[in-house]
Amino acid sequence: MEKTQLLANSKSIQVNAVEDFPPATVSPLITSTVNLSATTDFTPSDILFEVNGNVTFTGSCDDPGLSVITWLDYILPPEMSLLTLKIIGKTYRGPHPTPQPDRVDSNQPSVVNISRYGCLFQLLVTTTSSQEETKTKIRNLLEADYTDKVITILLHFKDINIRHIALGNCNKTRHQTRQGLFEWPITTALQTAKQPCQGDRNKTASRQCQLGYPIIWMLPDLKQCPFVVETIPDLDKIEVTPENAMDVVEMIESLLKDDPDLNCTELGTILNKLEEIVFISCMTPPLGKAIIDIISYILESKSHLQPVTNQILNITEMVGDKMSCVDQTNYTLIAYGLAITAVNVDPVNFQSLTFGVLFASESLNPEIYLNKDPFQGTVAFISLPSALKYSFPQHSGAQPRIQFQFYGVPTLFMNNQTEKILNTFVVSASVTNASGPIKDLEKDVEVTLHHLQSNPLGKEVQCVYWDFNQNEGKGGWNRNGCRLHNTSVDYTTCLCDHLTHFGVLLDISRTQIDKQNEGILTLITYLGCGVSSVFLGVTVLTYTAFEKIRRDYPSKILINLSLALLGLNMVFLVNSWLSSVGSYGLCVAVASVLHYFLLASFTWMGLEAVHMYFALIKVFNVYVPSYILKFCTLGWGIPLVICCLVLVLKRESYGSSLNSRSMEPLVNSEAFCWIQDEVAFYVSVGGYILLVLLFNTAIFVVVLVQIRHMRVNHPVGNQSSLLLQDLKRVSSLTFLLGLTWTVAFFAWGPVKVPLLYVFCILNSLQGFFVFLFHCLMKENVRKQWRIHLCFGRFRLQDYSEWSQTATAAAKPRLYPPVRMPSVRSIKSSSTDSTSASSNSSQRQVSIRRPNLDLVCKKSLALPRVQLYSTPLPEKSALVPEEANTETWQYRSHPRQRLPIP
């Protein structure tokens, strides 16, 4: 390591009289203080001197205070004692060419680090010499060289001042603390006063009178004293006075560190005390800074601020108004997310005034700009017109002062609106001691605010101001007097005819939900979609692997519906991951595929209802060639056409938004590729789904009516068992037709959150319920599982219910042959078993009304489409032998059956 060399430049040392002493040119931030004089006794020959200036360190210096103390201890003679030392904030640090005095080693590198600090220390000199002689001797000592064996440091004083200090006293004072009220008596410099603790009289507190220019009290030592003000409610016992205002503020700061999250009572106590302080005190810069630091801390806490918003705004405005105690033209107080600027203006020559704020959430404090045009990165900008001068105070002697306020914490301005949120920071302007309310200005105030959430799709925005009288005095947003001038993706400019707190609201009527419920709903949705994907895959494999259960039309429709739902769930599960890649093209592709599978799922749900319509209502005179082919063309073609139209007409409708919840509640992730254009969403998704659900609901009602009529006209079997079967069929149809999606259309108002939970659970698990009703609860599917998948005693022997067709065909019939219907014999996927299906049923034929005179001897006078469910004889003369023993039957004529769910 290199050596330390400490040098003083004699040419830079000056000795000035006390009255000529200028202020030190250093930063006011004190980084270290050393006190070496607690037990010093004075003699008549003692003289006190104070030395201050800037000290420069050339080389590596980790502890400047220790280096200066070591240097002074080395150069000072025994008759000179160092009493106190302060190293004040660093004013410069960086590489610098090394000076080349004669005493510097020639091998020293050409560039070294330079550190400059303010230095202030007091010396006690025991001497009989005069003050001037002693000052000269001190200067000569400061010129001495100092070399450390470890580090080389060049210490250089600039603008040094040496002054004589007259030994004096600290004045009597009262100090309010959390440990109680202490009255410190008049005390001589460098002496320590002691007082008994208010909470425990057997213990003492101490406070030293610090020597300096001027002589002041140091902070008291209260370590032994217990707290008298232990909690925030204890502040109510403290009476605020102009003398103890700063003490009370310091107490509040200390209490906030112990209790960061405030309840309503604690929040009210603190704000009431701050109001008292602001009202009775002259607002000095340290006091104002301490108050806005407390306000900033409250804004960042998790406290419920809505009931006290007006009170907080009034306190900050009073702080700015009370800045008249400061003899400066402009003054700014800044804390995190909060800024107050007070500007004195000329009432005669006032033309205009602008206020801009540059603030990033990761930065510590906002930056304030006066009379500068907006530039990139400005989050708030307000321009005041020249017409404002007519509202300045008219009485003589009053100095017009304009105050600007910036609030970078939007949670302060929460209100009861659920359809709109504050999408900007808030900025305000006011005139101190104005002649009256500032409104109806001849020229509008221009306010430009940056969006917190980008608005690429041009959602509705509103220019508003904070109305203190709304919500029963709690405050709220009002549009009167403000109008929208222009808006873009990131900025909105408003024009208002008055001065107050301005903001911009964003319409989120279909998106707002609190974070906690949003997270739970997201978790439910992803878990449900994962479970559904697994069981949909099992359903598809089951129906495609076993040929005997996919012969009928409902099974083939079910396979297509399951494939559409499986695609929807799989794309949804990987959407957030793919959108995080950040590729726009990939995001468009993912969004369009998700859109396609969503529409395909609803299309196949609609086709299920169409098939039920053919089977239940249009049971006669129906001819549908290429039945399943046409269904597949519609089921997969219609969604493709719609998605292609969106891509061709407005491809930018697809994209990603960090806060997009257009598909609420399915889309609640931080990044999700989906339809971002409201028109495209409502037309291609909302409108299409609504039409399908209306049609499916109508078919569902018709089915329920038919079941009801059947039960009334033919009350057979055990009623509780029949009720259970009906309940199973109704539940099966509900999920098969997607009727659970109708819940989303009722998720509004106070029941929104509960219905969203119902929506997420039912629809994310739709694939599981399809598997439950159409695989697990179907006897013929379970038989196929046992035949092909089970072993041992659980396995069934392979057999075919359809292999006996020839035998059944040889049996005598009581009626002549009738041409078969065009829609082949099926058993709906929602019933307990499949219907018979033979080779002859595969042909496409027309349906003709049978000759009812040829019906069986027990001819029943039933309606044309009368249905019932009951076990049939094994060898019925009306039904082929290969039919299931329990199925839906059309008994009014001996034609091919069209089963329905």
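Within each chain, residue numbers correspond to sequence positions counted from 1 in written order. Reporting of local features is limited, given that this is a predicted model, to residues whose pLDDT is at least 70; pairs of side-chain atoms are given and counted only at 80 or more, and all residues count toward the totals for whole chains, interfaces and linings. Calculation of side-chain values draws on the structure's entire complement of heavy atoms; hydrogens and water are dropped beforehand.

1. Focus: the overall build of the protein chain
Then, number 1: Elements are defined by DSSP. Helices are runs of H or I of four residues or more, strands are runs of E of two residues or more, and each kind is numbered from the N terminus. A tally of regular secondary structure across the protein chain gives 17 helices and 32 strands.
Then, number 2: In the protein chain, which comprises 901 residues, the proportion classed as buried is 52%.
Then, number 3: For the protein chain, the share of sequence-separated contacts (at least 6 apart) that also reach a separation of at least 24 residues comes to 73%.
Then, number 4: For the protein chain, the accessible area works out to roughly 42700 Å², and carbon and sulfur atoms hold 56% of it. Under the scheme applied here, a residue whose accessible area is under 20% of the maximum for its type counts as buried, over 50% as exposed, and between as partly exposed, the area being computed with a 1.4 Å probe on protein chains only. For this analysis, residues touch if any pair of their heavy atoms sits within 4.5 Å. Note that accessible areas follow from Shrake-Rupley with a 1.4 Å probe, and for residues the cover is restricted to the protein chains shown.

2. Overview of the sheet that holds strand E14 (residues 216-217)
Then, number 1: Two strands make a pair as long as DSSP finds a minimum of two bridges between them. In space, the 3 strands of this open sheet follow the order E12-E13-E14, with antiparallel pairing throughout. Across the chains shown, the open sheet's two edge strands, defined by having one partner strand only, are strand E12 (192-196) and E14.
Then, number 2: In this sheet, strand E13 (residues 204-210) lies alongside E12 in antiparallel orientation, the contact comprising 5 bridges. Bridging from a neighbouring strand, Ala193 pairs with Arg207 of E13.

3. Regarding the packing of helix H8 (residues 515-545) against helix H14 (residues 752-764)
Then, number 1: Angles run from 0 to 180 degrees between N-to-C directions of axes, and those axes are lines fitted to C-alpha atoms, restricted for helices to the stretch in contact. Between H8 and H14, the least distance of the axes is 8 Å, while the angle of their chain directions is 15°. On the basis of the axis angle, H8 is roughly parallel to H14. Crossing of H8 against H14: the hand is right-handed. Across the interface between the two elements, Asn517, Ile520, Leu521, Ile524, Thr525, Gly528, Cys529 and Ser532 of H8 pack against Val753, Leu756, Tyr757, Cys760, Ile761 and Ser764 of H14.
Then, number 2: Tallied by class, residues from the contact of H8 with H14 come to 9 nonpolar, 5 polar and no charged. Here the angle decides the label: under 35 degrees means roughly parallel, over 145 means roughly antiparallel, 65 to 115 means roughly perpendicular, and every other value means oblique. Crossing chirality is assigned from the near helix's rotation relative to the far helix, an anticlockwise turn below a right angle marking it left-handed and a clockwise turn marking it right-handed. Three classes are used, and their members are as follows: Ala, Val, Leu, Ile, Met, Phe, Trp, Tyr, Cys and Pro are nonpolar, Asp, Glu, Lys and Arg are charged, and the others, Gly among them, are polar.

4. Observations concerning the nonpolar core
Then, number 1: Counting residues in hydrophobic clusters, the biggest one holds 71 residues, and the most contacted among them are Leu598, Phe602 and Trp674.
Then, number 2: With 18 residues, helix H10 (residues 584-616) is the largest single contributor of residues to this core.
Then, number 3: Excluding anything up to four places from it in sequence, Phe602 contacts Tyr688, Ile689, Val692, Leu693 and Trp741.
Then, number 4: Membership of the second largest hydrophobic core comes to 51 residues, among which are Leu267, Val278, Val409 and Leu505. Working definition of a nonpolar core: buried Ala, Val, Leu, Ile, Met, Phe, Trp, Tyr and Cys residues. They are joined through side-chain atoms within 4.5 Å.

5. A short note on the pairing of strand E17 (residues 353-358)
Then, number 1: Within E17, 5 of the 6 residues are buried, leaving the element largely enclosed by the surrounding structure.
Then, number 2: For E17 and strand E19 (residues 378-384), the ladder comprises 6 bridges, and the chain directions are antiparallel. The residue of E19 that forms the bridge with Phe355 is Ile382.

6. Quick notes on the confidence of the model for the protein chain
Then, number 1: The predictor rates its confidence in each residue with pLDDT, a number between 0 and 100. Here the protein chain shows a mean pLDDT of 75. Residues at 70 or above account for 72%.
Then, number 2: Within the model, the stretch residues 96-106 combines pLDDT values under 50 with 17 contacts to residues more than four positions away or in other chains.
Then, number 3: Residue range residues 800-901 is modelled with pLDDT below 50. Its contacts to residues more than four positions away, or to other chains, number 218 contacts.

7. Description of the pattern of salt bridges
Then, number 1: One side-chain nitrogen of Lys or Arg within 4 Å of one carboxyl oxygen of Asp or Glu is enough to make a salt bridge. In the structure shown here, the tally under the stated rule is 11 salt bridges.
Then, number 2: Across the salt bridge formed by Glu276 and Lys273, the nearest N and O atoms sit 3.9 Å from each other. Taken together, the residues Glu276 and Lys273, both in helix H4 (residues 264-280) and 3 residues apart, mark about one turn of the helix.
Then, number 3: Residue class for Glu276 comes out partly exposed when judged on its relative accessible area of 34%.
Then, number 4: A residue is classified by how much of its surface remains accessible, and Lys273, at 5% relative accessible area, is buried.
Then, number 5: Between Asp444 and Arg483 there is a salt bridge; the shortest N-O distance is 2.9 Å. Residue Asp444 is located in the loop between strand E22 (426-432) and strand E23 (445-450), and its partner Arg483 is located in strand E26 (residues 482-487); the two are separated by 39 residues in the primary sequence.

8. Considering H4
Then, number 1: Given a rise of 1.5 Å per residue, 17 residues ought to cover 24 Å, and the 25 Å separating the end C-alpha atoms of H4 matches this to within 8%.
Then, number 2: If you follow the buried residues of H4, they end up packed against helix H3 (245-258), helix H5 (285-300) and helix H6 (309-321).
Then, number 3: You can read the cap of H4 off the contacts: a side-chain oxygen lies 3.1 Å from the backbone nitrogen of Thr265, and it is on Asn263. To estimate how far a helix should reach, multiply one less than its number of residues by 1.5 Å. Two N or O atoms count as a polar contact when they lie within 3.5 Å, although within protein this holds only if one can serve as hydrogen donor and the other as acceptor, and sequence-adjacent residues are included solely when both atoms are side-chain atoms.

9. Brief notes about a nonpolar patch on the surface
Then, number 1: Residues form patches when they are more than 30% accessible in relative terms and have no salt bridge. Like charges link within 9 Å. Nonpolar side chains (Val, Leu, Ile, Met, Phe, Trp, Tyr) link within 5 Å. A contiguous nonpolar patch, built from Val641, Leu645, Leu647, Val648 and Leu649 and spanning about 500 Å² of accessible area, is present on the exposed surface.
Then, number 2: Structurally, Leu647 can be placed in helix H11 (residues 627-649).
Then, number 3: Leu647 gets classed as partly exposed once you look at its relative accessible area, which sits at 32%.

10. Some details on the packing of aromatic side chains
One pair of aromatic rings is described through two measures. These are the centre distance and the angle between the planes.
Then, number 1: Side-chain rings of Phe, Tyr and Trp (the six-membered ring for Trp) are treated as a pair once their centres are within 6.5 Å; stacked means planes under 30 degrees apart, edge-to-face means over 60, and tilted covers the remaining angles. Using the criterion set out here, one finds 30 aromatic pairs in the structure.
Then, number 2: With centroids separated by 5.6 Å and ring planes inclined at 70°, the aromatic side chains of Tyr596 and Phe597 adopt a geometry described as edge-to-face.
Then, number 3: Judged by its relative accessible area of 19%, Phe597 is buried.
Then, number 4: One aromatic cluster is present, built from ring pairs that chain together Phe535, Phe735, Phe768, Phe769, Phe771, Phe773 and Trp785.
Then, number 5: Sitting over the face of the ring of Phe227, Arg178 holds its NZ or CZ atom 4.0 Å from the ring centroid. Here, a charge over a ring means that NZ of Lys or CZ of Arg falls within 6 Å of the ring centre while also lying within 35 degrees of the ring normal.

11. A look at the environment of Glu547
Then, number 1: Considering the arrangement of structural elements, one finds Glu547 in the loop between H8 and helix H9 (553-579).
Then, number 2: Sequence separation between Glu547 and Gln784 is 237 residues; the distance between their C-alpha atoms is 9.8 Å.
Then, number 3: Of note is the side chain of Glu547, whose polar atom sits 3.2 Å from the side chain of Arg551.

12. Focus on unusual backbone geometry
The bulk of non-glycine residues show a negative phi, and the bulk of peptide bonds are trans.
Then, number 1: Unusually for a residue other than glycine, Asn371 sits at a positive phi of about 55°.
Then, number 2: Structurally, Asn371 can be placed in the loop between strand E18 (367-370) and E19.
Then, number 3: The backbone phi angle of Ser626 is positive, close to 50°, even though this residue is not glycine.
Then, number 4: Looking at the element boundaries, Ser626 is found in the loop between H10 and H11.

13. Some words on helix H1 (residues 64-75)
Then, number 1: In a regular helix each residue adds 1.5 Å, so 12 residues correspond to 16 Å; H1 covers 17 Å between its end C-alpha atoms and thus fits that length.
Then, number 2: If you check the start of H1, you find a side-chain oxygen 3.3 Å away from the backbone N of Gly65, and it comes from Asp63.

14. Some points on the state of the cysteines
Note: disulfide means a covalent bond formed between the sulfur atoms of two cysteine side chains.
Then, number 1: Note on disulfides: each one is a pair of cysteine sulfur atoms within 2.5 Å. Overall, the coordinates contain 5 disulfides when judged by the stated rule.
Then, number 2: In this model, Cys197 is linked to Cys225 through a disulfide, with the two sulfur atoms separated by 1.8 Å. Taking the sign of the S-S torsion, -65° for the link of Cys197 and Cys225, the bridge is left-handed. With a gap of 28 residues between them, Cys197 in the loop between E12 and E13 and Cys225 in the loop between E14 and H3 connect regions that are remote in the sequence.
Then, number 3: When its relative accessible area of 7% is taken as the criterion, Cys225 is described as buried.
Then, number 4: Two residues, Cys587 and Cys673, share a disulfide whose sulfurs are 2.0 Å apart.

15. Focus: the sheet that holds E17
Then, number 1: Read across the sheet, 6 strands follow the order E18-E17-E19-E23-E27-E26 without closing on themselves; strand pairing throughout is antiparallel. The sheet is open, and its two borders are formed by E18 and E26, each paired with just one other strand. Across the sheet, the mean angle from the axis of one strand to that of its neighbour is 15°, orientation sign disregarded.
Then, number 2: The pairing of E19 with E23 spans 4 bridges and is classified as antiparallel. When the sheet's bridge partners are listed, Phe381 is paired in E23 with Thr448.

16. Let's talk about the side chain of Gln676
Then, number 1: With respect to the helices and strands, the residue Gln676 is situated in the loop between strand E30 (672-675) and helix H12 (678-713).
Then, number 2: At 3.0 Å, the side chain of Gln676 and the backbone oxygen of Gly655 are in polar contact.

17. A few points about the environment of Tyr627
Then, number 1: With respect to the element layout, Tyr627 can be found in helix H11.
Then, number 2: Using a relative accessible area of 2% as the deciding quantity, one classes Tyr627 as buried.
Then, number 3: A distance of 2.6 Å separates the side chain of Tyr627 from the side chain of His611, its partner in a polar contact.

18. Quick word on the packing of helix H15 (residues 766-776) against helix H16 (residues 779-788)
Then, number 1: Relative orientation of the contacting elements H15 and H16 amounts to 80°, with a least axis distance of 6 Å. Accordingly, the angle class assigned to the pair H15 and H16 is roughly perpendicular. Residue-level inspection shows Phe771, His774, Cys775 and Leu776 of H15 in contact with H16, the latter providing Val781, Arg782 and Trp785.
Then, number 2: For the contact of H15 with H16, the per-class residue count stands at 5 nonpolar, 1 polar and 1 charged.

19. Description of the environment of Ser130
Then, number 1: With respect to the helices and strands, the residue Ser130 is situated in the loop between strand E5 (111-126) and helix H2 (131-142).
Then, number 2: C-alpha of Ser130 to C-alpha of Ile47: the two residues are 83 residues apart in sequence and 9.4 Å apart in space.
Then, number 3: From its side chain, Ser130 meets the backbone nitrogen of Glu133 in a polar contact 3.3 Å long.

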